[in-house]
Amino acid sequence: MSTKIEEQAKYLARENRKAEPSICKIYWFRDNNEVRLVELLEEMPVSSDGKAYPMYFREAPNEDIFFPSAIALLSPVDDKKADLPDSWGSWDAAVVLWEKSNEVA
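For clarity, every value in this text was computed on a predicted model and none was experimentally measured.

**Considerations on the packing of aromatic side chains**
For step 1, the next point in the chain: A full pass over the atoms with the stated rule returns four aromatic pairs.
For step 2, the next point in the chain: Seen in terms of ring centroids, F29 and W88 are 5.5 Å apart; in terms of plane orientation they differ by 40°. Their pairing is tilted. Placement of the pair is F29 in strand 1 (residues 23-29) and W88 in the loop between strand 4 (69-74) and strand 5 (95-99), with a sequence separation of 59 residues.
For step 3, the next point in the chain: What makes W88 buried here is its relative accessible area of 4%.
For step 4, the next point in the chain: Pairing F29 with W91 gives two aromatic rings, centres 5.6 Å apart and planes at 75°, and the pair type is edge-to-face. Of this pair, F29 sits in strand 1 while W91 sits in the loop between strand 4 and strand 5, and the two are 62 residues apart along the sequence.
For step 5, the next point in the chain: For W91, a relative accessible area of 11% puts it in the buried group.

In C-alpha cells form, the structure reads like this:
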C-alpha cells in the first residue's frame, strides 16, 4: 500500500471536514490505486435502498491530488450498515480517519 495514497486520503478527509462541518465520521477503505472514503453527515437522509453510492473524482496533480478518489456520503444511521461497492471490501476493513466524538475542542 502506497503511503502516498494514505496521505491523500488524510488530506481529503481534512479538507472535506473544513468544507462541511456536519461530517461526524470519515472512513477510509484501503486500495492501491484509488482513495475511497465514506463520510457520515448528520443531515444526510437514510439510504432508501441500503446502498452506498460513491461520487468519483479524477486525479488533479495541479491541486496536489495524484490519485483518483471516490467518496460516498451517508447518514450516521447507515454507519456500517449500507452495502458498499463490491470492490471496496467490508466495513470491517475500514479505517476511521476522523470521528467527531473523538475530537478535542
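**Regarding the pairing of strand 4**
For step 1, the next point in the chain: Counting buried residues in strand 4 gives five out of six residues, a clear majority hidden from the surface.
For step 2, the next point in the chain: Pairing of strand 2 (residues 35-41) with strand 4 involves six bridges; the strand directions are parallel. Looking at strand 4, one finds that V38 is bridged to A72.
For step 3, the next point in the chain: When strand 3 (residues 55-57) meets strand 4, the two strands line up antiparallel, connected through three bridges. Considered in strand 4, the bridge of Y56 is made with A70.

Definitions and cut-offs
Residues numbered from 1 in each chain as written. Predicted model: local features only at pLDDT ≥ 70, side-chain atom pairs only at ≥ 80, totals over all residues. Heavy atoms only, no water. Phe/Tyr/Trp six-rings, centres within 6.5 Å; stacked < 30°, edge-to-face > 60°. Helix = DSSP H or I, 4+ residues; strand = E, 2+ residues; numbered from the N terminus. Buried < 20%, exposed > 50% of the residue type's maximum accessible area, 1.4 Å probe, protein only. Pairing = 2+ DSSP bridges.

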